[in-house]
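Spelled out, the chains give:
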Amino acid sequence: MSEEHDERLQVEAAQRDPACFADLYERNFFRVYAYIARRVGYRSQTEDLTADVFREALAGIRTFEWRGVPFAAWLTGIASRVVADYWKRSGRETGGPAPEAEAAVSAEIERTAMLFQLVDRLPEAQFRVIHMRFVEQKSIREIVGELGRSEGAVKQLQLRAIENLRAAMEADR
Amino acid sequence: MTDHQAEQFDQAVQALLEGRDEVRAEFRELLAVCARLRDLPRSEFHVSLGKELERKDPMTAAVPYRREGFRTVTPFIYVPQPDKLLDFLEAAFGAQVTHRGPAPSGGYHGEARLGQTMLMVGGGAMAVGHELRGSLHYFVDDVDAAYRQAIAAGATVLAGEAGEPADRPYGERSAFVGDPFGNQWFLAKQLGPVGTGEGASPGEIRPYLHPESARGLVAFLEKAFGAEVLGIYEQGGRVMHAAVRLGDSVVEMGEGAPFAPQAVSLYVEDPDAMYQRALAAGATSVWEPKDQPYGERTAGVQDPYGNQWFPGRRLR
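Here is what the cut-offs are and how they apply
- Throughout this document, residue positions are counted from 1 along each chain, in the order its sequence is written.
- Chain letters and ligand numbers both follow the written order, the letters beginning at A and the numbers at 1.
- Selection of residues for local features in this predicted model requires a pLDDT of at least 70, selection of side-chain atom pairs for listing and counting requires 80 or more, and totals for whole chains, interfaces and linings are taken over all residues.
- To obtain the side-chain values, all non-hydrogen atoms of the structure were included, while hydrogens and water were left out.
- Every residue gets a pLDDT, meaning the predictor's confidence in that residue, from 0 to 100.
- Put simply, DSSP H or I for four residues or longer makes a helix, DSSP E for two residues or longer makes a strand, and each gets a number counted from the N terminus.
- Note on definitions: a residue-residue contact is assigned when non-hydrogen atoms from the two residues lie within 4.5 Å.
- Accessible surface is computed with a 1.4 Å probe, and the buried area is the amount of it that two parts give up when combined, taken over both parts together.
- One speaks of a salt bridge when a side-chain nitrogen belonging to Lys or Arg is within 4 Å of a carboxyl oxygen belonging to Asp or Glu.
- Polar contacts, as used here, are pairs of N or O atoms within 3.5 Å; protein pairs need one atom able to donate a hydrogen and one able to accept it. Residues neighboring in sequence count only if both atoms are side-chain atoms.
- Three classes are used: nonpolar for Ala, Val, Leu, Ile, Met, Phe, Trp, Tyr, Cys and Pro, charged for Asp, Glu, Lys and Arg, and polar for all others, with Gly counted as polar.
- Two strands pair if DSSP finds at least two bridges between them.
- A fitted line through C-alpha atoms serves as each axis, taken over the contacting stretch for helices, and the angle formed by two N-to-C directions is quoted from 0 to 180°.
- Orientation labels follow simple angle bins: below 35 degrees gives roughly parallel, above 145 gives roughly antiparallel, 65 to 115 gives roughly perpendicular, and whatever is left gives oblique.
- Between the first and last residue of a helix there are one fewer steps than residues, each counted as 1.5 Å, and that sum is the expected span.
- We define the bend at any residue as the angle between the axes fitted to the seven residues before and including it, ending there, and the seven starting there.
- Working definition of a nonpolar core: buried Ala, Val, Leu, Ile, Met, Phe, Trp, Tyr and Cys residues. They are joined through side-chain atoms within 4.5 Å.
- Only protein chains enter the area calculation, which uses a 1.4 Å probe; residues under 20% of their type maximum are buried, those over 50% are exposed, and those in between are partly exposed.
- In this analysis the probe radius is 1.4 Å and the grid spacing 1 Å, with only protein atoms considered; a cavity is a set of points the probe fits into but cannot get out of, a pocket is an open set with protein on both sides within 12 Å along at least five of seven lines, and lining residues have an atom within 4 Å of a point.
- Grid points are joined across faces, edges and corners, and a volume is the space filled by probe spheres set on the points.

*Asks:* Quick question: what am I supposed to make of the confidence of the model for chain A here?
*Replies:* Low-confidence regions, as indicated by low pLDDT, have predicted coordinates that should not be scrutinised in detail. Per-residue pLDDT for chain A has a mean of 85; in total, 91% of the residues score no lower than 70. Ranking the elements of chain A by mean pLDDT puts helix 1 (residues 3-16) of chain A last, at 80, and helix 6 (residues 124-135) of chain A first, at 94.

*Asks:* Is there a simple way to think about the interface of chain B and chain A in this case?
*Replies:* Contacts between the two partners involve 48 residues from chain B and, on the opposite side, 51 residues from chain A. Here chain B meets chain A over a buried area of about 5000 Å², counting both sides, of which 60% is carbon and sulfur. Where chain B touches chain A, the interface holds nine salt bridges. Where chain B meets chain A, there are 20 residue pairs in polar contact (both at pLDDT 80 or more). When contributions to the side of chain B that touches chain A are tallied by element, the ones reaching two or more residues are helix 1 (3-17), helix 2 (28-37), helix 3 (43-55) and strand 2 (96-102) of chain B. For the side of chain B that touches chain A, the per-class residue count stands at 22 nonpolar, ten polar and 16 charged.

*Asks:* Would you mind going over the sheet that holds strand 16 (residues 296-302) of chain B with me for this structure?
*Replies:* Residue and element names in this part refer to chain B. Strand order in the open sheet formed by eight strands is 2-3-4-1-14-17-16-15, with mixed pairing between adjacent strands. The strands lining the two open edges of the sheet, one partner per strand, are strand 2 and strand 15 (284-291). Adjacent strand axes in the sheet meet at a mean angle of 20°, parallel and antiparallel pairs treated alike. Pairing geometry for strand 3 (residues 108-114) and strand 4 (residues 117-123), over six bridges, is antiparallel. Within the sheet, the bridge partner assigned to histidine 109 lies in strand 4 and is glycine 122. Packing of helix 4 (residues 82-93) onto the sheet brings it into contact with strand 1 (73-79), strand 2, strand 3 and strand 4, and relative to strand 3 it is tilted by some 10°.

*Asks:* Help me out: how do you make sense of the packing of helix 6 of chain A against helix 8 (residues 151-172) of chain A in this one?
*Replies:* For any two helices packed against each other, the geometry comes down to the angle between their axes and how far apart the axes lie. All names here are of chain A. Look at helix 6 against helix 8: their axes get within 9 Å of each other, and the N-to-C directions meet at 95°. In terms of orientation, helix 6 and helix 8 fall into the roughly perpendicular class. Residues Ala125, Gln126, Val129, Ile130, Arg133 and Phe134 of helix 6 lie in contact with helix 8, whose contacting residues are Val154, Leu157, Gln158, Arg160, Ala161, Ile162 and Asn164. Broken down by class, the residue content of the contact of helix 6 with helix 8 amounts to eight nonpolar, three polar and two charged.

*Asks:* Looking at this structure, how should I read helix 2 (residues 21-39) of chain A?
*Replies:* The α-helix advances 3.6 residues per turn, and as a result positions three or four apart in sequence lie on the same side. Counted at 1.5 Å a residue, the expected span for helix 2 of chain A with its 19 residues is 27 Å, and the 25 Å between its end C-alpha atoms agrees. In helix 2 of chain A, a bend of some 50° at asparagine 28 of chain A exceeds every other bend along the element.

*Asks:* Please clarify how the nonpolar core should be interpreted in this entry.
*Replies:* For soluble globular proteins, the rule of thumb is that nonpolar side chains tend to be buried together. With 65 residues, the main nonpolar core has Ile162 of chain A together with Leu37 of chain B as its most contacted residues. When sequence neighbours within four positions are dropped, the list of residues in contact with isoleucine 162 of chain A reads Ile130 and Phe134 of chain A together with Phe9, Leu30, Val33, Cys34 and Leu37 of chain B. Core analysis: the second largest hydrophobic core is formed by 29 residues, Val177, Phe181, Trp185 and Leu187 of chain B among them.

*Asks:* Can you help me understand the pattern of salt bridges in this one?
*Replies:* Should the charged atoms of two oppositely charged side chains come close, the side chains can pair. Summed over the entire model, instances satisfying the criterion amount to 32 salt bridges over all chains. The partner of arginine 100 of chain B in a salt bridge is aspartate 83 of chain B, with the nearest N and O atoms 2.9 Å apart. Highlighted residues: arginine 100 of chain B in strand 2 and aspartate 83 of chain B in helix 4, separated in sequence by 17 residues. According to the relative accessible area criterion, aspartate 83 of chain B is partly exposed, its value standing at 34%. When the shortest N-O distance is used, the salt bridge between arginine 173 of chain B and aspartate 167 of chain B registers 2.8 Å. Classification of arginine 173 of chain B by relative accessible area gives partly exposed; the value is 23%. Each of Asp52 and Arg55 of chain A together with Glu52, Glu68 and Arg314 of chain B takes part in a single network of salt bridges with overlapping partners.

*Asks:* How should the environment of glutamate 151 of chain A be read in this particular structure?
*Replies:* Residue and element names in this part refer to chain A. With respect to the helices and strands, glutamate 151 occurs in helix 8. Glutamate 151 sits ten residues away from arginine 141 along the chain, and the two C-alpha atoms are 7.0 Å apart. If near-sequence neighbours (up to four positions away) are discounted, glutamate 151 is found in contact with Ile140 and Val144.

*Asks:* Honestly, empty space enclosed by the protein in this entry has me stumped. Any pointers?
*Replies:* If a probe the size of a water molecule is rolled over the atoms, the empty space left behind becomes visible. Residue and element names in this part refer to chain B. In the structure shown here, the tally under the stated rule is one cavity of 30 Å³ or more. In this structure, the largest cavity occupies an estimated 40 Å³ of space. In this structure, the largest cavity is lined by Pro75, Phe76, Ile77, Arg133, Gly134, Leu136, Pro207, Gln262, Ala263 and Val264. If you list the elements that add at least two residues to the lining of the largest cavity, you get strand 1 and strand 14 (263-267). For the lining of the largest cavity, the leading source of residues is strand 1, giving three residues. Here the lining of the largest cavity is composed, by residue class, of seven nonpolar, two polar and one charged.

Laid out in structure tokens, this is it:
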């Protein structure tokens, strides 16, 4: 089954029964998050706005019409408006990032979203190190305390995780 | 892959996380991956948003009343140098500053995450003489380490030697420090299953209020905001400690030591109703419920002991 066909079935299922929205959410979460994170500086704002996009998408799922535009593009449209509203609301209409070449940006976002997905597939210990280091911004010392492994082992896990991620990204190029 | 390489690589990662630009050629591609990972979402957020969407009826997918990541209670600190206070919070407590800058309604607005709790910071020149400082009970993993880091960042120990890290008879290890902006911090970790913190987990921050009458304030909070009493501990006719639950948060108080009134922001379903209840319970109005330019509807009331409470909700 092609990706597009697969997605189309998911959208139609969600339009009949919004309880099926979960599949679409999982499929697009990292993409929407990466899109917003690139345009908004702080984690809590990125989370707020990501939540807004999906709430709005769920509320409007029945209005989405299949016209050859992928569902992801529809979501990106909502995200772009939500971000613009955010900058307007914070009284910094010119505060947003400068417009960039659309195609280059969307390729960038796809790669970031893919990377986030790859992190989810890392072996447990590597996954935890990556999350503690980059999301929680913990020091190696703090991670050592939580994982109960030696400092050397944690640093090895970190390096191995990043090497795995890079290799997987390369493989997909 | 040697330990040496892993060590060198970690130094490069640390530099990246601290925003220092020291890209070493041999790690260039790996660090490009790391740079993207700085935006990696929290797993908890990914999961909780998914669950929220599952529960929602799309027809009434109304705006949730509070912002993602916020609890019912958010301490609000109003000082002349809010920007510097945020810097201090970063250095002393590893706070993540999530917002800083001019407020849409004028003045200054800053927000920082400390563990599981957000703090709001405001003020500027207009705050001189109108400060609302915080006295906060902050639960941490390691009191001694938190204490050392706070002192290194410019905090001073309160109450002399008594403020240094120690096991307290009321079931917690704690240290008391003051920051350069006049706020006080009780860095604490519960020793037993339930101490005076009433089941606090590390990363939680509770406003610690100092009313003339704790029983009076508890009664006010019950009537005005539907607070649930968790415990009142009295000694020699004085309430040494009391705690109440407000939504998913806890507010504490004691008559032990004097401290100026504080400010607390509250996320509630219906700020208008809350405002009316507070007035009926004896509060005075600071401002009537109104839609704010930042997309929330808020009200302000002052309790009979001078503390200010800002019930509000999101509008969009």
